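Spelled out from the first residue to the last, the chains are:
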Amino acid sequence: MNKAFHRQNPTKTRPCYSPKVNLVRYADDFIVTAATREIAEQAKEMVKEFIAERGLQLSDEKTLITEIHQGFDLLGWNIRKYSNEKLLIKPSKKSMQKVANQFRDIIHKHQGASQDVLIAKLNPVISGWSNYHQCAVASKSFGKLDHVLFQMLWKWAVKRHSNKGKRWVKEKYWKTEGTRNWVFKGETKRLRKMSDLKIVRHPTLNLSKNPYIDADYFASRKLKIESNKLTGKAKRIWLKQKGMCPECKTMMDNMEERRMYRITKVEPHGEAELIFIHKQCAAMYAKSVAGMASIKPCFT
């Protein structure tokens, strides 16, 4: 019966089972998406078996099966699809609380330090966290953390001068710059604001490209992403260098690992120019140009 049926319908094929399971991995963190909870449970058991053969196991504390409209946290972000069916990636509340605690600890440890020293300790934390979340839906989060930090600094300043009025405290620690009246600024340093950072979306990835084969495509993509984060002179310098460190000749694709330096030539007229260099490469580069030029960090 079945044989006759197949002879009469030679083009008839068995329907293909498609569970719509996808995996996205970053280092040892990964997401598995599935159409239903049942499929997700099956996928979880398969993953357990797969990694168990390699001497690994899933963390019960970090492993979660949830519906996309409830959202979940991963790598410091909250990923959730809202009622308008729009998927948004925002800084997670845990990540925001963690950086706020860092601010609090730094301010507490530097209660007696100068304003410039305090700013020097806070700025790297501000830059590191905001640069990491610059590609996400983070504008509101940046504004909230700027406000939280302002309140902490206000308490810090008032506590240092308990016998002074609020106006005196404000004028001592907060200056006016252009249209801004509340700029936390010392003699040489200025506190950065997260809300000043431009949100830059990652350009769409061409999924047909292979990172092991299409190296030029991915290098060009990195250059574009980083140049979009910069403005003015810094952007022009970055594009002129094509994002390459002059010492190690590799791309400086991490903002926390590079710094702008001022190179002053000894001859003929002591001309100066600005360049980006890996922080860890600066000392070696200074040795290589010794006698011909001097190199100093540029904080302007």
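Just so we're clear, the structure is a prediction, and the values are computed from it rather than from any experiment. (Residues numbered from 1 in each chain as written. Predicted model: local features only at pLDDT ≥ 70, side-chain atom pairs only at ≥ 80, totals over all residues. Heavy atoms only, no water.)

Undergrad: Please clarify how the sheet that holds strand S10 (residues 293-297) should be interpreted in this entry.
TA: Each strand in a sheet pairs with its neighbour through backbone hydrogen bonds, running either in the same direction (parallel) or in the opposite one (antiparallel). Across the sheet, 3 strands lie side by side as S9-S8-S10; this open sheet has antiparallel pairing. In the strand order of this sheet, the two ends are held by strand S9 (272-278) and S10, each with one partner. Between one strand axis and the next, the sheet turns through 35 degrees on average, direction left out of account. The strands touched by helix H8 (residues 232-241) within the sheet are strand S8 (258-265) and S9, with S9 carrying the most contacts at an inclination of about 70 degrees. (Pairing = 2+ DSSP bridges. Helix = DSSP H or I, 4+ residues; strand = E, 2+ residues; numbered from the N terminus. Axes fitted to C-alpha atoms, helices over the stretch in contact; angles between N-to-C directions. Contact = heavy atoms within 4.5 Å.)

Undergrad: Is there a simple way to explain the state of the cysteines in this structure?
TA: Defined simply, a disulfide is a covalent bond joining two cysteines at their sulfur atoms. Inspection of the entire model under this criterion finds 0 disulfides. Cys245 carries a free sulfur, and the closest cysteine sulfur to it, the one in Cys248, is 3.8 Å from it. Look at Cys245 and you get buried, because its relative accessible area is 1%. Lacking any disulfide linkage, Cys281 is separated from the closest cysteine sulfur, that of Cys248, by 3.8 Å. The buried category is assigned to Cys281, whose relative accessible area is 9%. (Disulfide = S-S within 2.5 Å. Buried < 20%, exposed > 50% of the residue type's maximum accessible area, 1.4 Å probe, protein only.)

Undergrad: Is there a simple way to think about the sheet that holds strand S5 (residues 87-91) in this case?
TA: Spatial strand order, S3-S4-S5: 3 strands in an open sheet with antiparallel pairing. Strands at the two margins of the open sheet, each flanked by one partner only, are strand S3 (72-74) and S5. For this sheet, the mean angle separating the axes of adjacent strands, direction not counted, is 30 degrees. Of the pairings in the sheet, the one linking strand S4 (residues 77-81) to S5 comprises 5 bridges and is antiparallel in character. Its bridge partner being in S5, Arg80 is matched across the sheet by Leu88.

Undergrad: Before we go on, may I ask you to explain the pairing of S8 in this structure?
TA: Sheet faces and side chains relate simply in a regular strand, where the side chains alternate between the two faces. Note: S8 against S9, 7 bridges, orientation antiparallel. Paired with Ile263 across the two strands is Glu273, which belongs to S9. Pairing geometry for S8 and S10, over 5 bridges, is antiparallel. Within the sheet, the bridge partner assigned to Arg262 lies in S10 and is Lys296.

Undergrad: I keep staring at the nonpolar core and nothing clicks. Help me out?
TA: It is characteristic of soluble globular proteins that their nonpolar side chains tend to be buried jointly. Membership of the largest hydrophobic core comes to 27 residues, with the highest contact counts inside it found for Phe103, Leu122, Leu153 and Phe184. Only helix H3 (93-109), helix H4 (115-132), helix H5 (139-160) and helix H6 (166-173) provide two or more residues apiece to this core. In terms of residues, this core owes the most to one element, H5, which gives 8 residues. Leaving out residues up to four positions away in the same chain, Phe103 has contacts with Leu122, Val125, Ile126, Leu149, Met152 and Met194. In this structure, Ala234, Ile237, Cys245 and Tyr285 belong to the second largest nonpolar core, which totals 22 residues. (Core = buried A, V, L, I, M, F, W, Y, C linked by side-chain atoms within 4.5 Å.)

Undergrad: Just to check I follow, could you spell out the packing of aromatic side chains for this structure?
TA: Counting across every chain of the model gives 15 aromatic pairs. Each ring, one from Trp238 and one from Phe276, has its centre 5.8 Å from the other, and the planes form 80 degrees; the classification is edge-to-face. With Trp238 in helix H8 and Phe276 in strand S9, the pair connects residues that are 38 residues apart, well separated along the chain. Here Trp238 and Phe276 have matching classes, each one buried. Here the guanidinium or amino end of Arg54 rests over the ring plane of Phe50, the centre of that ring lying 3.7 Å away. Arg258 extends its terminal NZ or CZ atom over the ring of Trp238, reaching a point 4.3 Å from the ring centre. (Phe/Tyr/Trp six-rings, centres within 6.5 Å; stacked < 30°, edge-to-face > 60°. Lys NZ or Arg CZ within 6 Å of the ring centre and 35° of its normal.)

Undergrad: Even after reading the chapter, I still don't get the side chain of Asn78, so can you show me in this structure?
TA: Topologically, Asn78 is positioned in strand S4. On the basis of relative accessible area, Asn78 is assigned to the buried category, the value being 19%. One polar contact links Asn78 to Asp73, side chain to side chain, over a distance of 2.9 Å. Those residues in contact with Asn78 that lie beyond four places of it in its chain are Phe72, Asp73, Leu88, Ile89, Lys90, Pro91 and Ser92. (Polar contact = N/O pair within 3.5 Å; in protein donor to acceptor, adjacent residues only side chain to side chain.)

Undergrad: Looking at this structure, how should I read the packing of H3 against H5?
TA: Each pair of packed helices can be summarised by the angle the axes make with each other and by the distance between the axes. Where H3 meets H5, the closest approach of the two axes is 10 Å, and the angle between their N-to-C directions is 20 degrees. Relative to H5, the element H3 is oriented roughly parallel. Seen from above, H3 lies across H5 with right-handed handedness. In contact with Met96, Val99, Ala100, Phe103, Arg104 and Ile107 of H3, H5 contributes Ser141, Lys144, Leu145, Val148, Leu149, Met152, Leu153 and Trp156. Classifying every residue of the contact of H3 with H5 by side-chain character gives 11 nonpolar, 1 polar and 2 charged. (Parallel < 35°, antiparallel > 145°, perpendicular 65-115°, else oblique. Left-handed = near helix turned anticlockwise from the far one by under 90°. Nonpolar A, V, L, I, M, F, W, Y, C, P; charged D, E, K, R; others polar.)

Undergrad: Mind showing me how you'd approach a nonpolar patch on the surface here?
TA: Residues Val21, Leu23, Phe30 and Val32 make up a contiguous nonpolar surface patch of roughly 300 Å² in combined accessible area. Tracing the chain through its elements places Val21 in the loop between helix H1 (2-8) and strand S1 (22-26). (Patch = residues over 30% accessible without salt bridge, like charges linked within 9 Å, V, L, I, M, F, W, Y side chains within 5 Å. Areas by Shrake-Rupley, 256 points an atom, 1.4 Å probe, with all protein chains shown as cover. Salt bridge = Lys/Arg side-chain N within 4 Å of Asp/Glu carboxyl O.)

Shape descriptors only; they carry no functional weight alone.
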